[in-house]
Amino acid sequence: MVFKDYYKILGLETNKVSFDEVKTAYREQAKKYHPDVNVGNKNAEERFKDINEAYRILSEANERRKYDRMWNNYVGRRKARMEDGAK
C-alpha cells in the first residue's frame, strides 16, 4: 500500500491545522484541479480524486485521528529527523 500524504495533497505543511484550514485548503485545491477547469487532463482528474479523498478523511474527526497516527509514522518522524539533522 502506498501512503498518501493528505496534508501535502491539500498544500498544507503540517498536521497541526484546524478543520477550517483543511476546508480552505481543500477549496483552493479543488478549484485549481477541478475537471471542468482542466478538461481532458487525466493528471488533474487523478489529483482531484486525491484531493477529495484527502478532504473526506481529514474532515471527519475519527478518520483524521486514525490517519494522523499513520502520518506520524510515515512523515512526522522523517520531518523530525530532518530537523534534528539541521540543528
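Sequence order as written defines the numbering, with residues in each chain counted from 1. Note on the predicted model: pLDDT of at least 70 is required for a residue's local features to be given, and 80 or more for side-chain atom pairs to be given and counted; whole-chain, interface and lining totals, by contrast, use all residues. The basis for the side-chain values is all heavy atoms of the structure; hydrogens and waters are excluded.

(A) Quick look at the overall build of the protein. Secondary structure assignment for the protein yields 4 helices and 0 strands. Runs of H or I in DSSP of at least four residues are treated as helices and runs of E of at least two as strands, each being numbered from the N terminus. From first element to last, N terminus to C terminus, the protein shows the α and β order α-α-α-α. Considering only residue pairs separated by 6 or more positions, the protein has 62% of its internal contacts joining residues 24 or more positions apart. In these tables, accessible area is a Shrake-Rupley quantity obtained with a 1.4 Å probe, and a residue counts as shielded only by the protein chains included in the view. A total of about 6400 Å² of accessible surface is found on the protein, and carbon and sulfur atoms cover 49% of it. The contact criterion used throughout is that any non-hydrogen atoms of two residues lie within 4.5 Å.

(B) Main features of the nonpolar core. Core analysis: the largest hydrophobic core is formed by 22 residues, its most contacted members being Y6, Y7, L10, L12, V22, L58 and Y67. The set of elements that each furnish at least two residues to this core consists of helix 1 (6-9), helix 2 (19-33), helix 3 (42-58) and helix 4 (61-86). Among the elements that take part in this core, helix 3 stands out by supplying 7 residues, more than any other. Leaving out residues up to four positions away in the same chain, Y7 has contacts with L12, T14, N15, V17, L58, R64, Y67, D68 and W71. Residues belong to one nonpolar core when they are buried, are Ala, Val, Leu, Ile, Met, Phe, Trp, Tyr or Cys, and are joined through side-chain atoms within 4.5 Å. Throughout this description, buried means an accessible area under 20% of the type-specific maximum (1.4 Å probe, protein chains only), exposed means over 50%, and partly exposed covers the range between.

(C) Examining the pattern of salt bridges more closely. Take a side-chain nitrogen of Lys or Arg and a carboxyl oxygen of Asp or Glu: if they are within 4 Å of each other, that pair is a salt bridge. Applying the stated criterion across every chain yields a total of 7 salt bridges. Across the salt bridge formed by K49 and E45, the nearest N and O atoms sit 3.8 Å from each other. Separated by 4 residues within a single helix, K49 and E45 lie in helix 3, roughly one turn from each other. Taken together, the shared-partner salt bridges connect K42, E45, E46 and K49 into one network.

(D) Seen up close, the confidence of the model for the protein. Summary statistics for the protein give a mean pLDDT of 90 and a share of 85% for residues scoring 70 or more. The secondary-structure element of the protein with the lowest mean pLDDT is helix 4, recorded at 78, while helix 2 shows the highest, at 98. You can read pLDDT as the predictor saying how much it trusts each residue, on a scale of 0 to 100.

(E) Broad picture of helix 3. Here the expected length of a helix is defined as 1.5 Å per residue gap, with one fewer gap than residues. For helix 3, which comprises 17 residues, the first-to-last C-alpha distance of 24 Å matches the rise-based estimate of 24 Å (1.5 Å per residue) to within 8%. If you check which residues of helix 3 are buried, you get A44, F48, I51, A54, Y55, I57 and L58. A distance of 3.0 Å separates the backbone nitrogen of N43 from a side-chain oxygen at the start of helix 3, and that oxygen is part of N41. We call two N or O atoms a polar contact when they sit within 3.5 Å, provided that within protein one can donate a hydrogen and the other can accept it, with sequence-adjacent residues counted only if both atoms are side-chain atoms.

(F) The packing of helix 2 against helix 3, seen in detail. All axes are obtained by fitting lines to C-alpha atoms, using only the stretch in contact for helices, and the reported angles, taken between N-to-C directions, cover 0 to 180 degrees. Here helix 2 crosses helix 3 at 165 degrees, and the two axes come no closer than 10 Å. Between helix 2 and helix 3, the crossing angle belongs to the class labelled roughly antiparallel. Like other packed secondary-structure pairs, helix 2 and helix 3 cross with a definite hand, here left-handed. For the pair helix 2 and helix 3, contact is made by F19, V22, K23, Y26, Q29, A30 and Y33 and by A44, R47, F48, I51, N52, Y55 and L58, respectively. Three categories are distinguished: nonpolar for Ala, Val, Leu, Ile, Met, Phe, Trp, Tyr, Cys and Pro, charged for Asp, Glu, Lys and Arg, and polar for the others, with Gly belonging to the last. Residues belonging to the contact of helix 2 with helix 3 are distributed by class as follows: 10 nonpolar, 2 polar and 2 charged. Between 65 and 115 degrees an angle is taken as roughly perpendicular, under 35 as roughly parallel, over 145 as roughly antiparallel, and anywhere else as oblique. Should the near helix be turned anticlockwise from the far one by less than a right angle, the crossing is termed left-handed; should it be turned clockwise, right-handed.

(G) Quick peek at the side chain of D68. If you trace the backbone, D68 turns up in helix 4. Once you skip the residues sitting within four places of it in the chain, D68 turns out to touch Y7 and N15.

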